[in-house]
Amino acid sequence: MIFKTYFSNRITFKALAAAAFILIVLSSCDRDRNNPGYAYFPDMAYSEAYEPYSVNPFFKDGKSMQDPAIGSIPRGHIPYQYPKTYEGQVQAGIDLINPLLKNEANLSRGKDGYEIFCAVCHGEQGKGDGELYTSKKFPVQPTSLVSDRIVNKPEGEIFHIITMGSLSNLMGAHGSQIKVEDRWKIILYMRNNFSEKVN
Amino acid sequence: MKEKIRFLITNLLSTILLVFAIQFFVQSQTNAPEQYKVCAACHTIGEGKLIGPDLKGITEKRDEAWLIDFIRSSQTMIKNGDEEAVKLFDEYKIPMPDNKMTDEEIKEILTFIRNSSKEPVLADKTESQSVVPASSTSETVLEDFMPYQLAKSRLRLNIKFLISILLILLMLIDLIFTRFIKFRIIHIVIILVALTLGVQVVVAKAIGLGRQEGYEPDQPIKFSHKVHVTGNKIDCKYCHSTVEESRYAGIPSTSVCLNCHHVVREGQHTGTTEINKIYEAFESQKPIEWVKVHNLPDHVFFSHAQHVAVGKVDCNHCHGEVENMDRIRQVNSLSMGWCINCHRNTEVQFKSNEYYTSFMKLHDDIKSGKISKVTVDQVGGNNCQACHN
């Protein structure tokens, strides 16, 4: 009954119905945080080619970024030949020599690299007191880089550990993150700025 | 019927009580001491050799005093020529790090090892049970973190548009059919006001087309930049290590996550649920499908290397305060006007920047005092093809 008296005028009812319809249409256009929204010219905005990180239906593993064929060697790149074993590490220590000079540019680049990749665990001064350990998030104390054991290690062995990770597996391999040159620069910085203070 | 229900309820209650009692009993029995975490990185109890030997039954095999000495400093024992210690070192070749622990702490660990050696299954059970509550509470915490003001402002825009349309419709209907208001001029004024309101909204919406400001998609793993950057002080470049050489900052591979997470197996907010997804991805060799947040149209060329390595622009400058975001959100519009504005105002850093040696003329002009500063558009920053190629 109430409904009838309220909406006896058919035109008002129609107007209300239209308003409700518009409300539904508009609210469905509203962007939520999971929706990137629309583009002006979609044909120019979205790539026809597959982006490096996109899913690709033409490959079995679904990745656009495919690994190079097995055994291929990039130009100017020497494959790393020492296995992650005790013997491999010792051999790397004998064979590998730091090819870089100890100059200001190399040391400052080494400092940057050390602070990005090493200091979180090994600490600003290499004492094994980095943020991750002192905040108790990483349960194992990282090796002190100023301890006798590390100071007496040849530089090649340290290069091997950065590249392949430590034998205990507590330190992961950083070869994919740090370029060869930068690894040597970090070692230069380590040797120049830490060990002298201890000895 | 009633009796049946009563019987069922009492049965249910008693089983729940029993389960709780068992849980409590089990947890109080074999809770691993805090210090054992350190040991667990290299040793297992009854699950085979890891980096160091399996600890199952070690308390029966060796003397307690010997174990305490060895745990405290295995290196000194080897130096002093302890036969057993030297034999172990020759076999495993990796020295066990020294541990600064009191006798009581070590004894606590040894008791735990002794208990776990007897019934290793129990230890597994407690682990899986203790995980559940941690993860369920943390999810709600994460959801509540971000205030979402952008959605609100958008909603207001929609309501404004709706009101303007309604007004126009009502006035038109009144004008043609019902004629409640006698003077036509009132209709026209109201319609005009409503029209301007509506057009304002349409313009605002049109400007927003193709811009993703406020885009904050759910990611396959609830990875929090806040926890990793502010909490753990990890540098952006540790994970996004290609940012200085590549167009892309680079999404870290799962093996980079594992650099820390093969030891850190429980998160502070999400327990093991989220971190376990890394192991799943690593074991199945299926990449994690992160959702890209900062998208540029295909006709725009942008290089991180140019901006970060050469321009020395800070990450925050474009990406906002990532260190305070649990879920990554786009804070800038990344529109062309936004890029150009920055290029107009950013002064080029010539000092200690080899990239710009070809711009000697500008150097000389500054030296001779002809010009006082150089902006990006003077070194090609406003060339169409710098971005559109």
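*Asks:* Is there a simple way to explain the interface of chain A and chain B in this structure?
*Replies:* How big an interface is tends to be stated in terms of the accessible area lost upon association of its parts. Residue-level contacts link 44 residues of chain A with 54 residues of chain B. Residue assignment for the side of chain A that touches chain B shows that the elements contributing at least two residues are α2 (10-29), α3 (42-45), α5 (104-122) and α6 (131-134) of chain A. In terms of residues, the side of chain A that touches chain B owes the most to one element, α2 of chain A, which gives eight residues. Across the side of chain A that touches chain B, the residue classes break down as 26 nonpolar, 10 polar and eight charged.

*Asks:* Honestly, the confidence of the model for chain A in this entry has me stumped. Any pointers?
*Replies:* Should pLDDT be low for a region, the predicted coordinates there are not to be read in detail. Averaged over all residues, the pLDDT of chain A equals 84, while 83% of them reach at least 70. Of all secondary-structure elements in chain A, the lowest mean pLDDT belongs to helix α1 (residues 2-6) of chain A, at 49, while helix α8 (residues 155-164) of chain A reaches the highest, 95.

*Asks:* Looking at this structure, how should I read unusual backbone geometry?
*Replies:* Trans is the prevailing form of peptide bonds, just as negative phi is the prevailing case for residues other than glycine. Residues and elements named next belong to chain A. Unlike most non-glycine residues, Lys-136 shows phi in positive territory, near 70°. Considering the arrangement of structural elements, one finds Lys-136 in the loop between α6 and α7 (148-151). Its identity as a non-glycine residue notwithstanding, Asn-169 has a phi of 70°, on the positive side. Positionally, Asn-169 belongs in the loop between α8 and α9 (180-193). By the C-beta count within 10 Å, which is 17 here, Asn-169 ends up partly exposed.

*Asks:* So what exactly am I meant to see when it comes to the nonpolar core here?
*Replies:* Generally speaking, soluble globular proteins have nonpolar side chains that are buried together. Among the nonpolar cores identified, the biggest contains 35 residues, and Tyr-114, Cys-118, Phe-159, Ile-186, Ile-187 and Met-190 of chain A are the most heavily contacted of them. Elements represented by at least two residues in this core include exactly α5, α8 and α9 of chain A together with α12 (236-239) and α13 (254-261) of chain B. Core analysis: the next-biggest nonpolar cluster, separate from the first, contains eight residues, Ile-45, Leu-55, Ile-109 and Phe-112 of chain B among them.

*Asks:* Explanation requested: α13 of chain B in the structure shown.
*Replies:* Two residues of an α-helix separated by three or four positions point the same way, owing to the 3.6 residues in each turn. All names here are of chain B. Every buried residue of α13 is accounted for by Val-256, Cys-257 and Asn-259. Take α13 and look down its axis: the buried residues cluster within an arc of 140°, on one side only. For α13, the elements touching its buried residues are α12 and α14 (273-284).

*Asks:* Sorry if this is basic, but what is going on with the packing of helix α4 (residues 86-95) of chain A against α8 of chain A here?
*Replies:* Between two packed helices, both the angle of their axes relative to each other and the distance between the axes serve to describe the pair. All names here are of chain A. Orientation of α4 relative to α8, taken along the N-to-C sense of each, is 130°, at an axis distance of 6 Å. Comparing the axis directions of α4 and α8 gives the class oblique. Once α4 is placed against α8, the crossing between them reads as right-handed. The residues of α8 that touch α4, namely those facing Gln-89, Ala-92, Gly-93, Ile-94 and Asp-95, are Gly-156, Glu-157, Phe-159 and His-160. In terms of residue class, the contact of α4 with α8 is made up of three nonpolar, four polar and two charged.

*Asks:* How do you make sense of the packing of helix α4 (residues 64-72) of chain B against helix α7 (residues 103-118) of chain B when you look at a structure like this?
*Replies:* All names here are of chain B. At a minimum axis separation of 10 Å, α4 and α7 run at an interaxial angle of 115°. Classified by the angle between their axes, α4 and α7 sit roughly perpendicular to one another. The two elements α4 and α7 cross, and the hand of that crossing is right-handed. When α4 is examined against α7, the residues Glu-64, Leu-67, Ile-68 and Ile-71 are found in contact with a partner set consisting of Asp-103, Ile-106 and Leu-110. Each residue belonging to the contact of α4 with α7 can be placed in one class, and the counts come to five nonpolar, no polar and two charged.

About the criteria used
Residues numbered from 1 in each chain as written. Chains lettered and ligands numbered in written order. Predicted model: local features only at pLDDT ≥ 70, side-chain atom pairs only at ≥ 80, totals over all residues. Contact = placed C-beta atoms within 7 Å. Helix = DSSP H or I, 4+ residues; strand = E, 2+ residues; numbered from the N terminus. Nonpolar A, V, L, I, M, F, W, Y, C, P; charged D, E, K, R; others polar. pLDDT = per-residue confidence, 0-100. Buried ≥ 20, exposed ≤ 12 C-beta atoms within 10 Å, placed from the backbone. Core = buried A, V, L, I, M, F, W, Y, C linked by C-beta atoms within 7 Å. Arc of directions from axis to C-beta. Axes fitted to C-alpha atoms, helices over the stretch in contact; angles between N-to-C directions. Parallel < 35°, antiparallel > 145°, perpendicular 65-115°, else oblique. Left-handed = near helix turned anticlockwise from the far one by under 90°.

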